[in-house]
Amino acid sequence: MDIISPGAAQSHVSDGSDQTFMADVVEASKTQPVLVDFWAPWCGPCKSLTPVIEKVINSLGGKVKLVKINIDENPGVAGQLGVRSIPAVFAFDGGRPVDAFQGAQPENQIRAFIDKLVSGTDGAAEIAEAIEQAGAALQAGDVGTAAQIYGAIIEADQTNVEAIAGLARCYLSNGDAERAGQILDMVPPERQSDPAIKRVRTAMSLMADAPKDDELETAREKVTANPDDDEARYELAEMLSSRRRFGDALDHLFMLLKKDLNWGEGKAKAKLLEIFEAAGPKDRITIEGRRKLSSLMFA
């Protein structure tokens with residue numbers, strides 16, 4: 001006979017309710033997979049299924065969590081999920097239901113069900129690691145490698161917003177805003193407000209009126225001839241940002257902000273924040289720029 005220690009059961013198995021479902025299942029599944037076992041005291045198959053699920057869950061040492069919900073006392077969530085008969089087991093991962101089965105199952109099938117769930121989680125971890133690698137390559141200027149990685153991720157998951165945004169950034173890095181826009185159109189309408197997508201669109205907006213080389217040179221000469229011409233310096237910063245020369249643009253904006261933190265009625269600071277948005281939160285430009293801005297604000 002298998003003996004499950006009380007401590008292990010308490011670690012990975014718990015009772016849930018309609019009131020605690022969001023915290024116990026939805027939010028918890030964002031960090032580890034969660035199984036939900038809908039049962040009732042009068043259900044004979046439930047009495048044979050639940051102990052087997054608990055055994056398998058505890059044997060995994062915390063890879064998966066089990067939440068048991070008595071539907072007699074908590075009919076709300078079960079009704080929303082369309083549970084018509086019990087036992088019913090739902091698997092949650094990433095804040096949403098990803099798989100389910102109904103009726104009593106033998107241990108080997110339950111273990112296969114959970115193994116599939118865990119392997120899917122491992123796949124998500126691999127994708128997350130690949131996105132980090134692609135981001136690092138893009139930061140290092142290796143646009144080709146970054147594009148290849150992002151493209152491979154999209155082939156595996158056409159709804160991966162981070163990969164779509166990353167591939168669009170690759171095209172922007174090569175000055176191809178039109179192709180970047182076409183890539184962003186792959187994102188479903190309900191995900192267009194995702195921060196990663198909004199950052200790329202901000203970068204595209206900055207590039208919309210990029211100056212020609214001679215225009216940029218004229219603006220630079222104007223500032224060189226009269227370093228105290230703040231409006232000319234701001235215009236130069238705008239031009240540089242539209243050419244994705246964010247570091248040079250920030251240098252000029254900080255010269256204005258050192259004179260007056262609210263220069264241009266907040267115009268310089270707004271442009272600074274727009275550049276941070278376009279570059280992305282992990283970009284060295286953003287990290288160092290925010291540090292400089294904080295030192296000015298709290299000096």
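Residues numbered from 1 in each chain as written. Predicted model: local features only at pLDDT ≥ 70, side-chain atom pairs only at ≥ 80, totals over all residues. Heavy atoms only, no water.

## So, the pairing of strand 4 (residues 88-93)
Side-chain direction in a regular strand flips from residue to residue, so the side chains alternate between the two faces of the sheet. For the record, the criterion: Each residue is assigned to one of three classes by its accessible area relative to the maximum for its type, calculated with a 1.4 Å probe on protein chains only: buried under 20%, partly exposed between the two thresholds, exposed over 50%. Elements are defined by DSSP. Helices are runs of H or I of four residues or more, strands are runs of E of two residues or more, and each kind is numbered from the N terminus. Only strands joined by at least two bridges in the DSSP assignment are considered to pair.
Most of strand 4 sits out of view: five of its six residues are buried. Strand direction decides the pairing type here: strand 2 (residues 34-39) and strand 4, joined by five bridges, are antiparallel. Among the inter-strand pairings, Leu35 is bridged to a residue of strand 4, identified as Ala91. Judged from the six bridges that link them, strand 4 and strand 5 (residues 96-102) form a sheet pairing that is antiparallel. Its bridge partner being in strand 5, Phe90 is matched across the sheet by Ala100. Between strand 4 and strand 5, which pair antiparallel and follow one another directly, the connecting turn spans two residues, one of which, Gly94, has a positive phi of 65°.

## Re the state of the cysteines
Inclusion rule: Any pair of cysteine sulfurs within 2.5 Å is marked as a disulfide.
Counted by the stated rule, this structure contains one disulfide. Between the sulfur of Cys43 and that of Cys46 lies a disulfide, 2.4 Å long from S to S. Judged by the sign of its S-S torsion, about 80°, the cystine formed by Cys43 and Cys46 is right-handed. For Cys46, a relative accessible area of 2% puts it in the buried group.

## Section: the nonpolar core
The following threshold applies: Here, the term nonpolar core denotes a set of buried Ala, Val, Leu, Ile, Met, Phe, Trp, Tyr and Cys residues that are joined through side-chain atoms within 4.5 Å. Two residues form a contact once any of their heavy atoms are found within 4.5 Å.
Residues Tyr150, Leu172, Val200, Phe246, Leu250, Leu253 and Leu272 are the most contacted members of the largest nonpolar core, which totals 53 residues. Once residues lying within four places of it in the same chain are set aside, the contact partners of Phe246 are Leu206, Ser241, Ile275, Ala278, Ala279 and Ile285. Val26, Val77, Ala78 and Ile86 belong to the second largest nonpolar core, which has 20 residues in total.

## Observations regarding the confidence of the model for the chain
Our working rule: Per residue, pLDDT measures the predictor's confidence, with a range of 0 to 100.
Of the residues in the chain, 94% have a pLDDT of 70 or more, and the chain-wide mean is 86. Contacts of residues 1-10 to residues separated by more than four positions or lying in other chains number seven contacts, the stretch itself having pLDDT below 50.

## Things to note about the pairing of strand 3 (residues 65-70)
Put simply, the test is: By the criterion used throughout, a crossover qualifies as right-handed when its path from the first strand across the helix to the second strand runs clockwise, the strands pointing away from the viewer.
Most of strand 3 is tucked away, with six of its six residues classed as buried. The two faces of strand 3 match: Lys65, Val67 and Ile69 on one face and Leu66, Lys68 and Asn70 on the other face are all buried. Taken together, strand 2, helix 3 (residues 44-59) and strand 3 form a β-α-β motif whose crossover is right-handed.

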